Protein chains: 2
Amino acid sequence: MVNRQYLEMLGHKSVIRELSEYATARAKEIGAENIYDFSLGNPSVPAPEAFKEALIRITKETDPLQLHGYSPTVGNPVVKKRIADSLNRRFQMDYGPQHIFPVSGATGAIAHAVRAVSEPGEEVIVFAPFFPEYIPYINGTGAQIRIIPASFEDFQIRFDLLEEAISEKTAAVLVNSPNNPSGVVCSEKTLERLAALLRKKSAELGRNIFLISDEPYREIVFDHKTVPYPASFYEHTLTCYSFSKALSIPGERFGYVAVNPQAEHAEDLVAMFGQISRGIGHNCPSSLIQLAVSETLEETADLSVYETNMNLLYDCFKELGFEVIRPDGTFYIMPKALPEADGLSDSIAFCRKALQHDLVFVPADGFGAPGYFRVAYCVETQVVERAIPVLRRFVEEEYKGV
Amino acid sequence: MVNRQYLEMLGHKSVIRELSEYATARAKEIGAENIYDFSLGNPSVPAPEAFKEALIRITKETDPLQLHGYSPTVGNPVVKKRIADSLNRRFQMDYGPQHIFPVSGATGAIAHAVRAVSEPGEEVIVFAPFFPEYIPYINGTGAQIRIIPASFEDFQIRFDLLEEAISEKTAAVLVNSPNNPSGVVCSEKTLERLAALLRKKSAELGRNIFLISDEPYREIVFDHKTVPYPASFYEHTLTCYSFSKALSIPGERFGYVAVNPQAEHAEDLVAMFGQISRGIGHNCPSSLIQLAVSETLEETADLSVYETNMNLLYDCFKELGFEVIRPDGTFYIMPKALPEADGLSDSIAFCRKALQHDLVFVPADGFGAPGYFRVAYCVETQVVERAIPVLRRFVEEEYKGV
C-alpha cells in the first residue's frame, strides 16, 4: 500500500506550475512571441563561459578515478576550502572548510539546516512574503512552519509580531534576502534588530534560537548595492546558498550550508549534516560540478539583464498607478493588484484577466501577500519591452475608471 | 539548540570508515604498497572513455541555458525514456518514461522508495547479510528496519523466518542482489518463492506488500551469469539503481527508481517521489551527468578485474581452509573467520590480528553475519597478488595448529 499523505499531495498542484503549463500550451497555439510568461523563476542568461571551460578542462585533465570517485560524506575538502576562503574575503567571516557542507541546492541546504537545529514539532518562523515551497520544505523535516504576516509598507520584519510569536517551541527563524517574491533586501537595521531580539529571547529561553539565512539571490542585486550578510550580524546563523541563480546552473544542483564559526556546536554541525544525509538520501552534489564551480566562485552569469528588466517594469507599474516597492535585487517584483469595482484588490481576478491578454503573472496570495502578484522578469529584455504596451492596454481596458 | 538525535549519532563512527582511516594513516607510515586495504567498496577501475567523451561533447555542443537549466521535478523526459528503453530491452519489461525517477544514487532511491510505500512506524524487512547503512537509510524515513537472520549455507532467503516476520506492520521487503557483503545473487528459485509468498501474504492482509530491489551491483556478475531481475518476478516492485559501480562514477551521484508498470499506483508513484523530494531536499541529479550517462547506458567500466581478483582470493581462502561461498558478483567476498583457540570464529579478533599483518578486512558482524568478515577486492590485481603470500603467512603464524 502506498503512503496516504504523499498520495493526497498529488491533488494539490502548484499555482505557479499550472500557470506556467498554461503559458506553454498557449505559446504553442499563438506563438511563443505572443505570450508574456512572467511565471517561473528560471534564470534566462547562460552560465559564464568560464564555467563551461572549467567543465571541459577538468574532465580532460583529471584522472577519472579521482574525479568521479566518492567524495568524503561531508564534501570535497578542496571545494570546501575555496568556498570558505571566498566567503571570508567577501564578508569578513572566519569560515574554515569544516564549516562548509556542500549540498544539492538551496532545498537540500534547508532540509539539512532545519533538521539539524530543530526537534520534531518545534517551529521555524518565516516572514511573509515568502517562497511557498518553504511549507513542504520545513514541514517535511518534522518541524512546523510559523508565518509572520508581512509589513506591506517596506517588506521588512514586523518585530511586534515576531516578538509575540517566539516561544519555547521556536527552533529557528528563517530570513530570505534578497527576497522571493518581493525583491527586497533585509536592511542592516533590520538585521541588527533581529539579532538583538534573537539574543534577548535566547537568553530568556535559556537556549539558542538559530537563524537560517536562505540567500540564493545574494548576487543579484541592483544599483551597485551590497546585500548585508545575515551571518555577520548573528552568531548562530546557518547560511543556505545555491549556485543556481548567480551562475545560471539550476539543473546542476549545487549549493552549500555555511555554519557560522561562532555558532553553538559550530564544530559539530557539518558532521551532523552528514548524519542527516543518511536518512534523507545524501544530497551530495556531483563531484565534477563541485570542482568546476569551485574554480569559478567569483564569476557570475551576466546578471545585468535583470536590473534592466526591473527598471522597465517598475517604471511602468508606477506610471500605471500600481502600489509597488522597488526591488533591491532578485528577478522578481511584487505589485499590488489594481482595485476591482468594489475598491478591493483581488489578485486572482487580476491575474485571470491579465491571462486573457496573454500576460502570465502569479497571484502572491500563496506567498503570504494576498492582493499582490509576482512578476518574474528572468526573460529577455525584448519580452519586457513588448509586454509593456500589452500591459498598458490591459490596464486601460480592464481597470479604466475603476 | 541543535537536534539531540543527530548530535548523539556523531559518537557512533562506522567501523568501515575507522578501518579505512587506519589503513590510510598506516600507508603513510610504511608506504601504500605495504598495506593491503580491502575495507572500502570504492570502484578501482576508471569510468569508460565514452562517458568522458559524452561529458565533453554535451558541454561543448548544448546551449548552456538548456543544458544547465532546471529539469522537471520528476526528471528529464529524454533521460527517463532512454533508461526505460534500456531496461525494457534487457529485462523484457514494459517501463515508460513515467515509471522512471532519476535520483542521486541508490541512497536517494531508497529514501524515496521507502517513504512512498510505508507509513511511519511500519516495517521494511531486510535479509542478513545486509549493507549496514540500510539501518539509517530506512529508519531515517520514519519506517523501521526488521532484519531476518542469514541462511549461512547459501545466503539465500530463510523463508520460514520471513513468513513468521510478515505482519500487518510490513510495508515492504528489501532485497539486494548481487549482495553486499556476500557477493551472492538471489536465484530465480528464491525470487519465485519470494513473489509467491508476498502475493499470499498480501492477499491475507488485504493490502499489497511492496518489494524494494536495491541493485547497484547488477552489472558486476561473474562466469557470464545473468542476474535474475527481481521486478520481473513480482509486480509491486520498486527497482533502486545507481550508476556508481558499473560506470565507476560514485562521486557523480546518479541513479533511479523504476516503478514496475503493474505495481499498485504505478502511474502515481513517480509523482509521489516528486512530492517526497520537497521534504527531503530534492535529490535530483546534475542535468549534465544525467545526459552524459543516458548516452552511455549500455557501457560499463572494464569490470573484468573484479572477477580476476575474486578468483584469486576465493581459491586462496579455500586452500587455506576458510569456510566461504563463491560470489556470483559484486566486488566483495565474505569468508568465515578461522576459529580461535576455543573453536569459535571471532571476526573482530581475526581482523585485529590481520591488521597486525597490514591486511585490512572488515568484521561482518555489523552486516548481520557474526563471525564472518568482508573483503572488498575493488583494488588492482597486483595488490591481491602481493596480499596472498601475506595472507598465507598471517594464517600460518596466527592460526597454525588451531
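Predicted model, so just to flag it, every value in this text is computed and none were measured.

**Considering the overall build of chain A**
Here comes step 1: Within chain A, the secondary structure is distributed over 14 helices and 12 strands.
Here comes step 2: For chain A, whose C-alpha radius of gyration is 22 Å, the value lies close to the compact-globule estimate of 21 Å for 402 residues.
Here comes step 3: By principal-axis analysis of the C-alpha atoms, chain A measures approximately 60 × 55 × 55 Å.
Here comes step 4: Put simply, chain A has 402 residues, and 63% of those count as buried.
Here comes step 5: Taking as baseline every contact in chain A between residues at least 6 positions apart, the subset at least 24 positions apart corresponds to 75%.
Here comes step 6: For chain A, the exposed surface amounts to about 15000 Å²; the carbon and sulfur share of it is 50%.

**Some points on the packing of aromatic side chains**
Residue and element names in this part refer to chain A.
Here comes step 1: The full count for this structure, using the stated rule, is 54 aromatic pairs over all chains.
Here comes step 2: Their ring planes at 35 degrees and their centres at 5.2 Å tell us that F361 and F373 sit as a pair that is tilted. Here the residue F361 occupies a position in the loop between β10 (359–360) and β11 (362–363), and F373 occupies one in strand β12 (residues 373–376), the gap between them amounting to 12 residues. An identical accessibility class is assigned to F361 and F373; each is buried.

**Concerning the relation of the copies chain A and chain B**
Here comes step 1: Mapping chain A onto chain B calls for a screw motion: a turn of 180 degrees about the axis and a shift of 0.0 Å along it, with 0.0 Å RMSD after fitting. The superposition operator between the copies reduces to a two-fold rotation axis.
Here comes step 2: Residue by residue, 100% of the interface of chain A is reproduced at the interface of chain B, so both copies engage with the same surface.

**Some points on the pairing of β12(A)**
Residues and elements named next belong to chain A.
Here comes step 1: Residues F373 and V375 line one face of β12 and the alternating positions R374 and A376 line the opposite face, and both faces are buried.
Here comes step 2: In terms of strand pairing, strand β9 (residues 332–333) meets β12 through 2 bridges, oriented antiparallel. Paired with Y332 across the bridge in β12 is A376.
Here comes step 3: Examined bridge by bridge, β11 and β12 share 2 bridges and lie antiparallel to one another. What sits directly across from P363, in β12, is F373.

**Quick notes on the environment of A:F394**
All names here are of chain A.
Here comes step 1: With respect to the helices and strands, F394 occurs in helix α14 (residues 381–399).
Here comes step 2: C-alpha of F394 to C-alpha of K81: the two residues are 313 residues apart in sequence and 52 Å apart in space.
Here comes step 3: Residues in contact with F394, not counting those within four places in the same chain, are F350, K353, A354, H357, L359 and Y399.

**Things to note about the confidence of the model for chain A**
Low-pLDDT stretches of the model should not have their predicted coordinates read in fine detail.
Here comes step 1: Taken residue by residue, chain A gives an average pLDDT of 95. The fraction at 70 or more is 99%.
Here comes step 2: Both scores are available for the predicted complex, with the pTM at 0.95 and the ipTM at 0.94.

**Digging into the side chain of B:T239**
Residues and elements named next belong to chain B.
Here comes step 1: Within the element layout of this structure, T239 appears in strand β7 (residues 237–242).
Here comes step 2: Overall, T239 belongs to the buried group, its relative accessible area being 0%.
Here comes step 3: Excluding anything up to four places from it in sequence, T239 contacts Y95, S213, E215, R218, Y229, A231, Y256, V257 and A258.

**So, the nonpolar core**
Here comes step 1: By size, the foremost hydrophobic cluster in this structure holds 105 residues, and its most contacted members are A:L269, A:F273, B:L269 and B:F273.
Here comes step 2: When neighbours within four sequence positions are excluded, B:F273 is seen to be in contact with B:F101, B:H112, B:A113, B:A116, B:L238, B:V257 and B:V259.
Here comes step 3: Counting 60 residues, the second-largest nonpolar core is a separate cluster that includes A:A246, A:A258, A:V293 and B:A258.

**Considering the interface of chain A and chain B**
Here comes step 1: With 74 residues of chain A at the interface, the matching set in chain B holds 74 residues.
Here comes step 2: Counting each side, the surface lost to burial between chain A and chain B is near 6200 Å², with a carbon and sulfur contribution of 57%.
Here comes step 3: There are 4 salt bridges connecting chain A and chain B.
Here comes step 4: A salt bridge links B:R278 to A:E133; its shortest N-O distance comes to 2.6 Å.
Here comes step 5: In this structure, the connection of chain A to chain B is made through 32 residue pairs in polar contact (both at pLDDT 80 or more).
Here comes step 6: Counting residues per element, the ones that place at least two in the side of chain A that touches chain B are α1 (4–9), α3 (49–61), α4 (64–68), α6 (105–117), α7 (134–139), α10 (266–280) and α11 (287–294) of chain A.
Here comes step 7: Ranked by residue count, the leading element in the side of chain A that touches chain B is α10(A), at 9 residues.

**Side note on the domain arrangement of chain A**
All names here are of chain A.
Here comes step 1: As far as domains go, chain A holds domain 1 (4–47 + 302–399) and domain 2 (49–294).
Here comes step 2: Its C-alpha centre places domain 1 at a distance of 27 Å from the equivalent point of domain 2.
Here comes step 3: The interface of domain 1 with domain 2 comprises 28 residues on the first partner and 34 residues on the second.
Here comes step 4: On inspection of domain 1 and its partner domain 2, the count reaches 2 salt bridges.
Here comes step 5: D328 is the salt-bridge partner of K225, the closest N and O atoms lying 2.7 Å from each other.
Here comes step 6: Looking at the side of domain 1 that touches domain 2, the elements with two or more residues in it are α12 (304–319) and β9.
Here comes step 7: Broken down by element, the side of domain 1 that touches domain 2 gets its largest block of residues, 3 residues, from α12.
Here comes step 8: Taken together, the residues of the side of domain 1 that touches domain 2 break down into 18 nonpolar, 6 polar and 4 charged.

**Points about the sheet that holds strand β7 (residues 237–242) of chain A**
Residue and element names in this part refer to chain A.
Here comes step 1: Within the open sheet, the 7 strands sit side by side as β2-β8-β7-β6-β5-β3-β4. Their pairing is mixed. Two strands in the sheet have a free side with no partner beyond their single neighbour: β2 (100–103) and β4 (144–148). In this sheet, adjacent strand axes meet at a mean angle of 20 degrees when their direction is disregarded.
Here comes step 2: As paired elements, strand β6 (residues 210–214) and β7 share 4 bridges and run parallel to each other. Bridge pairing in β7 links I212 to L238.
Here comes step 3: α6 rests against β2, β3 (123–127), β5 (170–176), β6, β7 and β8 (255–259) of the sheet, and its axis sits at about 160 degrees to β7.

**Brief notes about unusual backbone geometry**
Residues and elements named next belong to chain B.
Here comes step 1: Cis geometry is found at the peptide bond from A128 to P129, where omega equals -5 degrees.
Here comes step 2: For P129, the position within the fold is in the loop between β3 (123–127) and α7 (134–139).
Here comes step 3: Located in the positive-phi region is S248, a residue other than glycine, with phi close to 55 degrees.
Here comes step 4: The exposure class of S248 is buried, given its relative accessible area of 2%.

**Things to note about helix α14 (residues 381–399) of chain B**
Residue and element names in this part refer to chain B.
Here comes step 1: Here α14 contains 19 residues, and its C-alpha end-to-end distance of 26 Å stays within 8% of the 27 Å for a straight helix at 1.5 Å per residue.
Here comes step 2: In α14, a bend of some 30 degrees at A387 exceeds every other bend along the element, and P389, a proline, comes one to four places later.
Here comes step 3: For α14, the complete set of buried residues consists of T381, V383, V384, A387, I388, V390, L391, F394, V395 and Y399.
Here comes step 4: Packing partners of the buried residues in α14 comprise β1 (36–37), α12 (304–319), α13 (347–356) and β10 (359–360).

**Digging into the sheet that holds strand β11 (residues 362–363) of chain B**
Here comes step 1: The antiparallel open sheet is built from 3 strands, whose spatial order is β9-β12-β11 (chain B). Strand pairing shows two members of the sheet lacking a second neighbour, β9 (332–333) and β11 of chain B, which therefore form its edges.

Calculation rules
- Residues numbered from 1 in each chain as written.
- Chains lettered and ligands numbered in written order.
- Predicted model: local features only at pLDDT ≥ 70, side-chain atom pairs only at ≥ 80, totals over all residues.
- Heavy atoms only, no water.
- Helix = DSSP H or I, 4+ residues; strand = E, 2+ residues; numbered from the N terminus.
- Rg over C-alpha atoms; globule rule 2.2 N^0.38 Å.
- Buried < 20%, exposed > 50% of the residue type's maximum accessible area, 1.4 Å probe, protein only.
- Contact = heavy atoms within 4.5 Å.
- Areas by Shrake-Rupley, 256 points an atom, 1.4 Å probe, with all protein chains shown as cover.
- Phe/Tyr/Trp six-rings, centres within 6.5 Å; stacked < 30°, edge-to-face > 60°.
- Least-squares fit on C-alpha atoms with pLDDT ≥ 70 in both.
- Pairing = 2+ DSSP bridges.
- pLDDT = per-residue confidence, 0-100.
- Core = buried A, V, L, I, M, F, W, Y, C linked by side-chain atoms within 4.5 Å.
- Buried area = accessible area lost by both parts, 1.4 Å probe.
- Salt bridge = Lys/Arg side-chain N within 4 Å of Asp/Glu carboxyl O.
- Polar contact = N/O pair within 3.5 Å; in protein donor to acceptor, adjacent residues only side chain to side chain.
- Domains from an automatic or database assignment.
- Nonpolar A, V, L, I, M, F, W, Y, C, P; charged D, E, K, R; others polar.
- Axes fitted to C-alpha atoms, helices over the stretch in contact; angles between N-to-C directions.
- Expected span 1.5 Å × (residues − 1).
- Bend = angle between axes of the 7 residues up to and from the residue.

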